[in-house]
Amino acid sequence: MTTPVLSCTHLYKKYVKNGAPVLQDFNCSIPSGKIVGLLGPNGCGKSTLMKLVSGLLVPDAGEIYVCGERASEKTNALISYLPERTYFNSWMRVEELIAYFKEFYADFDDGLAEKMLADQQIALTSKLKTLSKGMKEKVQLIMVMARRAKLYLLDEPIAGVDPAARDYILQTIIGSYNPDATVLITTHLIHDIEPILDEFVFMGYTGKILMSGVADEVRAEHGKSLDELFKETFRYNAR
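None of these values were measured; they are calculated from a predicted model.

*Asks:* Lay out the overall build of the protein with the relevant residues and their values.
*Replies:* Looking only at helices and strands, the protein features nine helices and 10 strands. Taking 18 Å as the expected radius of gyration for a compact globule of 239 residues, we find that the protein reaches 18 Å, a close match to that expectation. Along the first, second and third principal axes, the C-alpha set of the protein runs to 50 × 40 × 40 Å. Counting all 239 residues of the protein, 47% fall into the buried class. Of the contacts made within the protein by residues no fewer than 6 positions apart, 71% connect residues no fewer than 24 positions apart. By element, 50% of the accessible surface of the protein is carried by carbon and sulfur atoms, the whole surface being about 11,800 Å². Computing the positive centroid from 27 side-chain charges and the negative centroid from 30, the protein places the two 6 Å apart.

*Asks:* So what's going on with the pairing of strand E7 (residues 151-155)? Which residues, and what values?
*Replies:* Counting buried residues along E7, five of its five residues qualify, which places the element largely inside the surrounding structure. Residues Leu151, Leu153 and Asp155 of E7 are buried on one face, and the alternating residues Tyr152 and Leu154, pointing to the opposite face, are buried as well. Across four bridges, the pairing between strand E6 (residues 79-82) and E7 is parallel. Its bridge partner being in E7, Ile79 is matched across the sheet by Leu151.

*Asks:* Could you give an account of the sheet that holds strand E8 (residues 182-187), with specific residues and numbers?
*Replies:* Ordered in space as E6-E7-E8-E3-E9-E10, the six strands form an open sheet in which the pairing is mixed. Either end of the sheet is taken by a strand with one partner, and the two such strands are E6 and strand E10 (209-214). Averaged over all pairs of adjacent strands, the angle between strand axes in this sheet comes to 15°, irrespective of strand direction.

*Asks:* Residues and numbers for the pattern of salt bridges, please.
*Replies:* Working definition: two side chains of opposite charge can pair if their charged atoms are close together. Using the criterion set out here, one finds 16 salt bridges in the structure. Glu95 serves as the salt-bridge partner of Arg93, at 2.9 Å between the closest nitrogen and oxygen. Glu95 gets classed as partly exposed once you look at its relative accessible area, which sits at 32%. As a salt-bridge pair, Arg219 and Glu194 come within 2.7 Å of each other at their nearest N and O atoms. In this pair, Arg219 is assigned in helix H8 (residues 215-222) and Glu194 in the loop between helix H7 (190-193) and strand E9 (199-203), connecting sequence segments 25 residues apart. The buried category is assigned to Glu194, whose relative accessible area is 7%. Look at the salt bridges and you will find they share partners, linking Arg93, Glu95 and Glu96 into a network.

*Asks:* Give me the lowdown on the sheet that holds strand E4 (residues 61-66), citing residues and values where you can.
*Replies:* Ordered in space as E2-E1-E4-E5, the four strands form an open sheet in which the pairing is antiparallel. Every other strand in the sheet has two partners, leaving strand E2 (23-30) and strand E5 (69-70) as the edge strands with one partner each. Pairing analysis gives two bridges linking E4 to E5, with the strands arranged antiparallel. Note that in E5 the partner of Tyr65 across the bridge is Arg70.

About the criteria used
- Residues numbered from 1 in each chain as written.
- Predicted model: local features only at pLDDT ≥ 70, side-chain atom pairs only at ≥ 80, totals over all residues.
- Heavy atoms only, no water.
- Helix = DSSP H or I, 4+ residues; strand = E, 2+ residues; numbered from the N terminus.
- Rg over C-alpha atoms; globule rule 2.2 N^0.38 Å.
- Buried < 20%, exposed > 50% of the residue type's maximum accessible area, 1.4 Å probe, protein only.
- Contact = heavy atoms within 4.5 Å.
- Areas by Shrake-Rupley, 256 points an atom, 1.4 Å probe, with all protein chains shown as cover.
- Lys, Arg positive; Asp, Glu negative; His and termini not counted.
- Charge placed at Lys NZ, Arg CZ, Asp CG, Glu CD.
- Pairing = 2+ DSSP bridges.
- Axes fitted to C-alpha atoms, helices over the stretch in contact; angles between N-to-C directions.
- Salt bridge = Lys/Arg side-chain N within 4 Å of Asp/Glu carboxyl O.

If you want it as structure tokens, here you go:
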């Protein structure tokens, strides 16, 4: 049996000592070589899960395994993470960003990054502060997808961008990732993302998994889109 690229067991996380947990007893197993949607409403813990898996946060309880090994600095090197918000310094030029990634990440393919940037007519000498929001989103995604990672974590990659930029982002995800790797995408925009998904997880509040499976099989079984199924499933479980 193939080792999952990501396994989470009994994850628990809260931010406020006496507050409600963001994730509670969350369990999942994500296979390799797939594009998987982690789908749920805002506030259900999707971004928290991404930060836990990428090593930016530490769980209060539970275990995370990446490619069969317990999460550590070693496994963090196998992960390429796109956060929900742009974090690059606006004064940087695109070519400086490439040099930074090449120095920091051993698996970064600067040739691939430059090709994707050229395809979008983004000059290497451009300063990030001169680019539109959509262009900045493209640059950030290109940097992340130009790594030869085992697991890509993309947190809300299409939120807040125009339809043209959204289409490019989705096509870049499909066309540039290592087919032996896995892409895990969080979003609440299920209608837009579902055409590229191999598998999905519907995530309710505190990390409760409401439904999961192979996208084509579930659509065929129920005769409905994932977007329609999510609305029905979440409406029922939110009562």
